[in-house]
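Architecture and fold: a report
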Amino acid sequence: MKTKLFAVFLVAICTILTAAGSLLFKLGMMNFVFSFVGLLTNYYLISGLIVYGVGLLILLFALKNGELSVLYPITALTYIWSLLLAAFILHENVSYPEVFGVVLILLGVSAIGKGSMMRSPIKIKNKVGG
Amino acid sequence: METQLWAIGLAVVASVFTAFGSFFMKLTSDKTKDVKTFFLNGKLYIGALLYAVATIVGLIAYLGGDLSIIYPVCALSYVWICLLSVKYLKEEMNKWKWMGIAAILAGVFLIGLGI
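What counts and how
Residues numbered from 1 in each chain as written. Chains lettered and ligands numbered in written order. Predicted model: local features only at pLDDT ≥ 70, side-chain atom pairs only at ≥ 80, totals over all residues. Heavy atoms only, no water. Helix = DSSP H or I, 4+ residues; strand = E, 2+ residues; numbered from the N terminus. Buried < 20%, exposed > 50% of the residue type's maximum accessible area, 1.4 Å probe, protein only. Contact = heavy atoms within 4.5 Å. Areas by Shrake-Rupley, 256 points an atom, 1.4 Å probe, with all protein chains shown as cover. Buried area = accessible area lost by both parts, 1.4 Å probe. Salt bridge = Lys/Arg side-chain N within 4 Å of Asp/Glu carboxyl O. Polar contact = N/O pair within 3.5 Å; in protein donor to acceptor, adjacent residues only side chain to side chain. Nonpolar A, V, L, I, M, F, W, Y, C, P; charged D, E, K, R; others polar. Core = buried A, V, L, I, M, F, W, Y, C linked by side-chain atoms within 4.5 Å. pLDDT = per-residue confidence, 0-100. Axes fitted to C-alpha atoms, helices over the stretch in contact; angles between N-to-C directions. Parallel < 35°, antiparallel > 145°, perpendicular 65-115°, else oblique. Left-handed = near helix turned anticlockwise from the far one by under 90°. Expected span 1.5 Å × (residues − 1).

**Regarding the overall build of chain A**
Scanning chain A from terminus to terminus reveals 7 helices and 0 strands. Split into buried and exposed, the 130 residues of chain A put 42% on the buried side. When contacts within chain A are restricted to residue pairs at least 6 apart in sequence, those whose partners lie at least 24 apart make up 73%. For chain A, the exposed surface amounts to about 7,600 Å²; the carbon and sulfur share of it is 76%.

The structure is reproduced here in structure tokens:
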């Protein structure tokens, strides 16, 4: 299945939504009140859930229209967005090892995506050999 | 706030639940022919429940750590999903997947070192 361009676009949108969702969750837990009313009025948590849910639906739809080897690495973009959001909105200390770690994760997810594409040479040999 | 070790531990646990949740979602979508089979499939609800548990555990983790540290830990779910697919879905391991797993583990380790 050829990956359609709009699937790539959708996954990119999904990554922004997922990162935003995690930011909202973090904000929600920073203002966390453990009570029934506290949870109902924690608008950060509620909006985080909605944003996450929408992102997941978009992702499921996009996966139907594209190959994992292409779409998987794009999903790893959320870690970059979350680092940026954490640094600029939450003013967290983002150190060089953390940035390098996220780069490694990106490479790792890309590798797994590519690995999911590979056909086993043994299978092909059996087909040809008859 | 300095990130606590227990928060990272919870994030790891959350990544495991996420992976199993995705696994059941994949099982569900494999058997889905139309809307009816989708919603009647018990595995859908198991997957949703696993995702819910993953979310709750992850939220508790946020109580004890920075977003920039806790969130990347959930990338471990890619590792678990890969291993689950090989063990239960008869997918095959290859050197790309091994390298990918190693890179993600190294990346999460580096991020964990940051605390």
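Next, the rest of the story.
**A closer look at the interface of chain A and chain B**
On the side of chain B, 31 residues touch chain A, which itself brings 39 residues to the contact. Summed over both partners, the interface of chain A with chain B buries about 3,000 Å², with 73% contributed by carbon and sulfur atoms. At the junction of chain A and chain B, the tally comes to 0 salt bridges. Here chain A and chain B share 9 residue pairs in polar contact (both at pLDDT 80 or more) between them. Elements with a minimum of two residues in the side of chain A that touches chain B: helix 1 (5–30), helix 3 (43–64), helix 4 (68–75), helix 5 (77–88) and helix 6 (96–115) of chain A. Each residue belonging to the side of chain A that touches chain B can be placed in one class, and the counts come to 23 nonpolar, 11 polar and 5 charged.

**Some words on the nonpolar core**
One finds Y79 of chain A together with Y62, Y78 and I104 of chain B to be the most contacted residues of the largest nonpolar core, which totals 35 residues. Sort the elements by how many residues they give to this core and helix 4 (residues 67–73) of chain B lands first, with 5 residues. Setting aside anything within four residues of it in sequence, one finds Y79 of chain A in contact with V102 and I105 of chain A together with Y71, P72, C74, A75 and Y78 of chain B. Within the second largest apolar cluster, 9 residues are counted, among which are C14, I58, L59 and I74 of chain A.

**Digging into the confidence of the model for chain B**
Where the model shows low pLDDT, its predicted coordinates should not be examined in detail. Summarising the model, chain B shows a mean pLDDT of 89, and 97% of its residues fall at 70 or more. Under the prediction, the complex receives an ipTM of 0.86, its pTM being 0.84.

**Description of the environment of N41 of chain B**
Residue and element names in this part refer to chain B. Relative to the helices and strands, N41 resides in the loop between helix 2 (35–40) and helix 3 (42–62). Note on N41: relative accessible area 13%, which makes it buried. Spatially, the C-alpha atoms of N41 and V86 are 23 Å apart, while their sequence positions differ by 45 residues. In contact with N41, other than residues within four places in its own chain, are L27, T28 and K31.

**Side note on the packing of helix 1 of chain A against helix 5 of chain A**
Residues and elements named next belong to chain A. Two numbers describe how helix 1 lies on helix 5: the axes approach to 8 Å, and their chain directions differ by 45°. In terms of orientation, helix 1 and helix 5 fall into the oblique class. Considering only the axes of helix 1 and helix 5, their crossing is right-handed. Here T15, I16, T18, A19, A20, S22 and L23 of helix 1 come into contact with helix 5, specifically with L77, T78, W81, S82 and L85. The residue inventory of the contact of helix 1 with helix 5, partitioned by class, reads 7 nonpolar, 5 polar and no charged.

**Structural notes on the packing of helix 6 of chain A against helix 6 (residues 95–113) of chain B**
Two elements in contact, helix 6 of chain A and helix 6 of chain B, have axes separated by 7 Å at closest approach and are oriented at 160°. The angle between helix 6 of chain A and helix 6 of chain B places the two elements in the roughly antiparallel class. The two elements helix 6 of chain A and helix 6 of chain B meet at a crossing, and its hand is left-handed. Classifying every residue of the contact of helix 6 of chain A with helix 6 of chain B gives 16 nonpolar, 5 polar and 3 charged.

**Section: helix 6 of chain A**
With 20 residues, helix 6 of chain A should cover 28 Å at 1.5 Å per step; its first-to-last C-alpha distance of 28 Å lies within 8% of that length. Within helix 6 of chain A the residues assigned to the buried category are E98, G101, V102, L104, I105, G108, V109, A111, I112, G113 and G115 of chain A. Considering only its buried residues, helix 6 of chain A is in contact with helix 4 and helix 5 of chain A together with helix 4, helix 5 (76–88) and helix 6 of chain B.

**A look at unusual backbone geometry**
In terms of backbone geometry, most residues other than glycine have negative phi values and most peptide bonds are trans. Its identity as a non-glycine residue notwithstanding, H91 of chain A has a phi of 55°, on the positive side. Residue position: H91 of chain A is located in the loop between helix 5 and helix 6. Given the relative accessible area of 65%, H91 of chain A is considered exposed. Unlike most non-glycine residues, K90 of chain B shows phi in positive territory, near 60°. By the secondary structure assignment, K90 of chain B is in the loop between helix 5 and helix 6.

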